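Commentary on secondary and tertiary structure
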Amino acid sequence: MSMPYQQTGNQIDYQEIKQTKADLKAEVHFIGQIVGGLDFQTDDGLFCELAIDCGDGWDLLQPGNNKGIQTQTSYANPGQLFSWGHPFDLHFSVSNISGWPKALLKVWRLDSSNKIDACSYGTALFPRSAGYHQITCETWTPTGENLDLEVRKPNEDLATNTDQFSKFDRSLDWRFQALSFYMENPPRLTTLAPLTTDKGDFARRKILNSISNGKVIIEVEVVMKNFKRLSFSGQ
Amino acid sequence: MNTRNYKKDVSDQGSIKGQTNQNFGYSQPQQFQDGISRIQEEMMDPRNIQPDSMFVNFSGVLECGECEDEESLRIEYAVKYGGDDWTYLKTSNNADDAEPSGISQLSTSRNLHSRNIVWNFPFECNFQTKNIFGWPQVVVRLSGPDFMGRSVAKGYGSVHVPTQPGYHERVIRIFKPLPISGFTGFLGYLLGNTAELKNFDKVISSGEGREVTRVKSVGYVKVKFHVTLVNFDKFGYL
């Protein structure tokens, strides 16, 4: 028989440690940093915004507010890494592993006239095994919509569907692309719904046209608690 | 468990007339030779003791690095950790430091063809904690002489200490803050007031308030870590 004993001071006092149900909750820590961006062919400064998206069974214990991360603006020579170096430390309590956390990334450009504009988007999935991982997330820039694919059914009421995927007039597709080229103002997503499978209208992603862009490098260490005890894999 | 001495005084009582064996068939209490009962022995087994905190002990070396076109550089480091749950344990040889930090020697690259600067600067820290949140990070600052010989900051970077025990190598990407305008930069270059971060360890380790800063990537530093974790399996990690 082996029972846990509390060692207090110099004496060994026998106290039975009562383990309640809360002690056996699985917890995950993601500790790391957004290292930087690579292969973005631009002379402007770039910064990255990161939002955490996770399922309902995931409870962000620390830090207290989930307002997202915005990195510093970095400049780099061609072929060099745009170095952001933004650390993060997330502590989740898991009651349902469905909806493993994802990082929704949005890379912004700061041009010479101090104007910011969206550059590209990406979704990085956090690793599911303990230890050190280096994630490379390729990003893409939307260039317009494909008018041939219908998202809504013909008799669906527009008024109830207020979460508009894009506010642009669909008939102006080629003209829109020309305008966005000359104004240096590429289209951006109005919601982050197309980036994640968990919430919102992920199905609307099929009407998008996009062009490839650079990659964001994230280093993360995953520390898991009680995963082995609860027979979850990964620890 | 093999040395048990029973007190046998049956033979003594047998010699006195009228007295019978006082045992009545019950055995004497077992006395172990070293005087510790089995329960006490189990209580002292470290596998049965539930500790009240975890310990992280890591050591490492800030090995070498490059920073654009710089020949001579010095590296300074500070270890930042979450303040509430973590305690930095001072050892006797660095009892003067309230916070773990250090400044290395000024080192120069070997020749004109290579910009690799070697410091080989070792560090070691001990932490006690009950929570993983606030895991320590190593924040570095590179500084060196400018054209007049004044010491200015040449770059900053940070990396988290690895969470798995054993030997790890990491690369810290170094960036340098940019001046606000070309004129400020030029004036700062002449006067030695280049764009620097005050309290660099707090700014870089937390990431708060960095949204409006502009930086430029300038190089990298290679670090080696050796990590030992204590009591992590008792708390459900590892």
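First, a word on what this report is: a plain description of the structure on this page. Predicted model only: the values in this text are computed from it and were never measured.

**Structural notes on the nonpolar core**
Counting residues in each nonpolar core, the largest one holds 38 residues, and the members touching the most others are B:Phe58, B:Leu62, B:Phe127, B:Trp135, B:Val138 and B:Phe225. Looking at this core, the elements with two or more residues in it are β2 (54-67), β3 (72-80), β6 (117-129), β7 (137-145), β9 (166-177) and β10 (214-230) of chain B. Contacts of B:Leu62, omitting those with residues within four sequence positions, involve B:Ile75, B:Tyr77, B:Trp119, B:Asn120, B:Phe121, B:Phe123, B:Val140, B:Val221, B:Lys222 and B:Val223. With 35 residues, the next largest nonpolar core counts A:Val28, A:Cys54, A:Ile135 and A:Met224 among its residues.

**Observations concerning the interface of chain A and chain B**
Listed per partner, the contact involves 51 residues of chain A and 44 residues of chain B. Carbon and sulfur atoms make up 50% of the area that chain A and chain B hide from each other, which totals about 3900 Å². Counting across the interface, chain A meets chain B through two salt bridges. The salt bridge partner of A:Glu221 is B:Arg170, with a shortest N-O separation of 2.8 Å. There are 22 residue pairs in polar contact (both at pLDDT 80 or more) connecting chain A and chain B. Those elements that place two or more of their residues in the side of chain A that touches chain B are β1 (5-8), β2 (11-13), β3 (26-38), β7 (73-75), β8 (82-94), β11 (131-145) and β12 (208-225) of chain A. Examining the composition of the side of chain A that touches chain B, we find that nine residues originate from one element, β8(A), more than from any other.

**Quick look at unusual backbone geometry**
The step from A:Gln62 to A:Pro63 runs through a cis peptide bond, and the omega angle for that step is -5°. With respect to the helices and strands, the residue A:Pro63 is situated in the loop between β5 (58-62) and β6 (69-70). In this model, A:Asn226 sits at a positive phi of 65°, which is unusual for a non-glycine residue. A positive phi angle is found at B:Asn231, which is not glycine, with a value near 70°. Inspection of the secondary structure assignment puts B:Asn231 in the segment after β10. Take B:Asn231: its relative accessible area is 17%, and that puts it in the buried class.

**Things to note about the side chain of B:Arg141**
All names here are of chain B. Assignment of secondary structure puts arginine 141 in strand β7. On the basis of relative accessibility, which here comes to 14%, the residue arginine 141 falls in the buried class. At 2.7 Å, the side chain of arginine 141 forms a polar contact with the side chain of glutamate 76.

Conventions and cut-offs
- Starting from 1, residues in each chain are numbered consecutively following that chain's sequence as written.
- Note on labels: chains are lettered from A, ligands numbered from 1, in written order.
- Only residues with pLDDT of at least 70 are given local features in this predicted model, and only at 80 or more are side-chain atom pairs given and counted; all residues enter the totals for whole chains, interfaces and linings.
- Here the side-chain values reflect all heavy atoms present in the structure, with hydrogen atoms and water set aside.
- Within this scheme, the nonpolar core is defined by two criteria: the residues are buried Ala, Val, Leu, Ile, Met, Phe, Trp, Tyr or Cys, and they are joined through side-chain atoms within 4.5 Å.
- Only protein chains enter the accessibility calculation, which uses a 1.4 Å probe. A residue is then buried if its area is under 20% of the maximum for its type, exposed if over 50%, and partly exposed in between.
- The secondary structure listing takes helices from DSSP runs of H or I that are at least 4 residues long and strands from runs of E that are at least 2 residues long, numbered from the N terminus.
- Contacts are residue-level and defined by heavy atoms, with any inter-residue pair within 4.5 Å sufficient.
- Joining two parts hides part of their accessible area as seen by a 1.4 Å probe, and the buried area is that hidden amount summed over both.
- Salt bridges are identified by distance alone: a Lys or Arg side-chain nitrogen within 4 Å of an Asp or Glu carboxyl oxygen.
- The term polar contact refers here to a pair of N or O atoms within 3.5 Å; inside protein, the definition further demands a hydrogen-donor-capable atom paired with an acceptor-capable atom, and it admits residues adjacent in sequence only when both atoms are side-chain atoms.

In short, geometric facts, not functional conclusions.
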